[in-house]
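# Close look at the chain arrangement
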Amino acid sequence: ELANRMAERTMNITRTLARLGMPAASTDEIDQDTAELVLAEFGHTIVRVSDADVEIGMVGEEDIDDHLLPRPPVVTIMGHVDHGKTSLLDALRGTNVVKGEAGGITQHIGAYQITRKSGEKITFLDTPGHEAFSAMRARGADITDIVVLVVAWDDGIMPQTIEAIHHVKDAGVPMIVAINKMDKAGADAQKIRTALLQYDVQVEEMGGEVQDVEVSATAKTGLDELIDKILLQAELLELKANPDRAAEGTVIEARLDKGRGPLASVLINRGTLKTGDIFVIGAEWGKVRALVDDQGKQIKTAGPALPVEILGLSGVPKAGDAFAVVETEARAREVASYRASVETAARTESSMPSLEEQFLALKSGKVETYPLVIKGDTQGTVEAIASAVNRISTDLIKAKVLLAGVGGITEGDVSLAKASGAPIIGFNVRANAKAREIATRDKVEFKYYDVIYDLIDDVKAAMAGQLGPEM
Ligand code: GDP
């Protein structure tokens, strides 16, 4: 870890220790004084980072109860495709009593907040779909307080409905069932309530504790009742956060905007974020240049459960990344670069074939792999490219995406690509100067595209080329 932080080879550190008369293996723990000696040997400057940073990033101390104030609930809508998730999100958004300035355009920043006449607020994550939910959870970001499960009465319980139920149970989050499309002739909600029993979901009417509500996203009926039930559930959860502290949050969406640079939508978990604040965001850092809300309005501060888009980042973070305000730019840079080095190390490790993979390859004759690193301008395109590339695989050769990330090509990408002899594919993004320099030295190839089909065709051709004429 010391080697990692110093950006030196582990071997050089252990050699130095031996030379100083303190032999140690690379996994041994060394004390602070010894570490300082090593640093001095290498001529590095010493900066102490507390253990807490290493463990959990930047999360600060716990809040005292007196400082906690109620906060709005954060709601995710899940359900089978075409059951009306998007329509319901739009309809609920329409119930907001706080409208943007006249002519203001609705911004899709990954989430929005509605305010009721009575002043209560609810935040909805507006990326429906289970991938987003599980991807966030996989990164340790459980930001959803309540899930609304949408079931179209005419279609009934479908595979993704069942999947959603599993996700919800697994996450231990309360669920409210919205039986949708009740405007359609012959609507029968009872059918759904009964069918849900099979999946161990008991709504109140069936003697259980799960709330349900009949809605029509297109006819806009039942929306108030749904909002009431969400607020009731929220009350039971006693959701609270301390607004009077440095802000912490979670990235819900991030992208590279051609004009405005890297942008991240963040949901504030606690504290209040202000323009001018210095922050760490995943392995990037920045200074808040502007905060934009879901109505496209520039705001000066953002408190708990409010989604905001932040301008002023050094690069594009990932959905689920932690966000935290820190005191100084030096600290922000330090933590960001440490995290970046940890990420690179983890990626390099995961790009090595596992024992099991090696065994399978041996058993099945030889399956060659074609490694590649993909960088693109939006999360959506990057995911689309990665899944298309993964599908090219044949029995003889299989594509192996080492990394699929958003943003320009960086030195880290080049070192990852070099380790596996992979080319780097840039979709609507280019490499920075440093990355180009290292790539030339290390003979890593860049390939730029702006059309997915061209990209796929080229990858196919390259894979066939690697196999030789027999393919
Ligand atoms: P999603 O895939 O779950 O996001 O579903 P969408 O919101 O895209 O809706 C799928 C289709 O169902 C669209 O054609 C909608 O117009 C339609 N739809 C959604 N909600 C309702 C509803 O309450 N009533 C009726 N009749 N159609 C609906």
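Since this is a predicted model, take the numbers as computed values, not measurements.

### Topic: the overall build of the chain
Along its length, the chain carries 15 helices and 21 strands. A total of 471 residues make up the chain; the buried ones form 46% of that total. Of all intrachain contacts in the chain linking residues separated by at least 6 positions in sequence, the fraction that spans at least 24 positions is 71%. Taken as a whole, the chain presents about 23,700 Å² of accessible surface, with 51% of it coming from carbon and sulfur.

### Describing the site of the ligand
The full set close to the ligand counts 15 residues, and D82, K85, T86, S87 and D183 are the nearest of them. Contacts to the ligand include K85, whose backbone N or O atom sits 2.8 Å from an oxygen atom. For the ligand, the protein covers 72% of the area, taking 580 Å² as the surface of the free molecule. The dominant element in the shell around the ligand, judged by the number of residues it contributes, is helix α5 (residues 85-93), at three residues. In the shell around the ligand, the residues fall into two nonpolar, eight polar and five charged.

### So, the sheet that holds strand β19 (residues 397-406)
Pairing is parallel in the open sheet, where four strands are placed in the order β19-β18-β20-β21. Edge positions in the sheet fall to β19 and β21 (446-449), since each has one partner strand and no second. For this sheet, the mean inter-axis angle between neighbouring strands, taken without regard to orientation, is 25°. For strand β20 (residues 424-427) and β21, the ladder comprises four bridges, and the chain directions are parallel. Residue pairing in the sheet places G426 in a bridge with Y448 of β21. Sheet strands touched by helix α13 (residues 411-420): β18 (368-376), β19, β20 and β21. Its angle to β18, the strand with the most contacts, is close to 170°. In the packing of helix α15 (residues 452-467) onto the sheet, contacts are made with β18, β19, β20 and β21, and the angle to β18 comes to roughly 155°.

### So, the pairing of strand β4 (residues 121-125)
When you tally the buried positions in β4, you get four out of five residues, the bulk of the element. Inspection of the sheet shows strand β2 (residues 74-79) paired to β4 by three bridges, in the parallel sense. What sits directly across from V75, in β4, is F124. Bridge count for strand β3 (residues 111-115) against β4 is five bridges, and the pairing is antiparallel. What sits directly across from Q113, in β4, is T123. In sequence, β3 turns back onto β4 through a hairpin of five residues, with G119 there showing a positive phi of about 100°.

### Re a negative patch on the surface
A cluster of acidic residues, D450, D454, D457 and D458, forms a negative patch at the surface. Inspection of the secondary structure assignment puts D458 in helix α15.

### A few points about the environment of D154
Inspection of the secondary structure assignment puts D154 in the loop between β5 (146-152) and α7 (159-171). Here D154 falls in the partly exposed class, since its relative accessible area comes to 33%. Along the backbone, D154 and A187 are 33 residues apart, and their C-alpha atoms lie at a distance of 7.3 Å. Once residues lying within four places of it in the same chain are set aside, the contact partners of D154 are K181, K184 and K191. Of note is the side chain of D154, whose polar atom sits 2.8 Å from the side chain of K184.

### Observations concerning unusual backbone geometry
Not every positive phi belongs to a glycine, and N428 is a case in point at roughly 60°. Take N428: it is sitting in the loop between β20 and α14 (433-442). With relative accessibility at 32%, the residue N428 sits in the partly exposed group. Even without glycine at this site, K443 takes up a positive phi of about 55°. Position of K443 among the secondary structure elements: in the loop between α14 and β21. When its relative accessible area of 74% is taken as the criterion, K443 is described as exposed.

### Describing the sheet that holds strand β7 (residues 211-214)
Taken in spatial order, the six strands make up an open sheet running β3-β4-β2-β5-β6-β7, and their pairing is mixed. Of all the strands in the sheet, the pair left with one neighbour each is β3 and β7. The average undirected angle you get between the axes of adjacent strands in this sheet is 25°. Strands in contact with helix α9 (residues 223-237) are β2, β3, β4, β5, β6 (175-180) and β7; relative to β7, the strand with the most contacts, it is inclined by about 165°.

### Focus on the confidence of the model for the chain
Residue-level pLDDT values for the chain average 84, and 85% of them are 70 or greater. Confidence over residues 50-60 falls short of pLDDT 50; this stretch has 20 contacts with residues more than four positions distant or in other chains. Interface confidence for the predicted complex, given as ipTM, is 0.99, next to a pTM of 0.67.

### What to know about α9
The end-to-end C-alpha distance of α9, which contains 15 residues, comes to 21 Å, matching closely the 21 Å that a straight helix rising 1.5 Å per residue would cover. Among all positions of α9, only L223, L226, I227, K229, I230, L231, Q233 and A234 are buried. Positive phi appears at E238, one or two residues downstream of α9, with a value of about 50°.

### Some words on the side chain of T144
On the secondary structure map, T144 appears in the loop between α6 (130-138) and β5. Owing to a relative accessible area of 11%, T144 belongs among the buried residues under this scheme. A distance of 2.7 Å separates polar atoms of two side chains, one belonging to T144 and the other to T76.

What counts and how
Residues numbered from 1 in each chain as written. Predicted model: local features only at pLDDT ≥ 70, side-chain atom pairs only at ≥ 80, totals over all residues. Heavy atoms only, no water. Helix = DSSP H or I, 4+ residues; strand = E, 2+ residues; numbered from the N terminus. Buried < 20%, exposed > 50% of the residue type's maximum accessible area, 1.4 Å probe, protein only. Contact = heavy atoms within 4.5 Å. Areas by Shrake-Rupley, 256 points an atom, 1.4 Å probe, with all protein chains shown as cover. Near = heavy atom within 4 Å. Polar contact = N/O pair within 3.5 Å; in protein donor to acceptor, adjacent residues only side chain to side chain. Nonpolar A, V, L, I, M, F, W, Y, C, P; charged D, E, K, R; others polar. Pairing = 2+ DSSP bridges. Axes fitted to C-alpha atoms, helices over the stretch in contact; angles between N-to-C directions. Patch = residues over 30% accessible without salt bridge, like charges linked within 9 Å, V, L, I, M, F, W, Y side chains within 5 Å. Salt bridge = Lys/Arg side-chain N within 4 Å of Asp/Glu carboxyl O. Lys, Arg positive; Asp, Glu negative; His and termini not counted. Charge placed at Lys NZ, Arg CZ, Asp CG, Glu CD. pLDDT = per-residue confidence, 0-100. Expected span 1.5 Å × (residues − 1).

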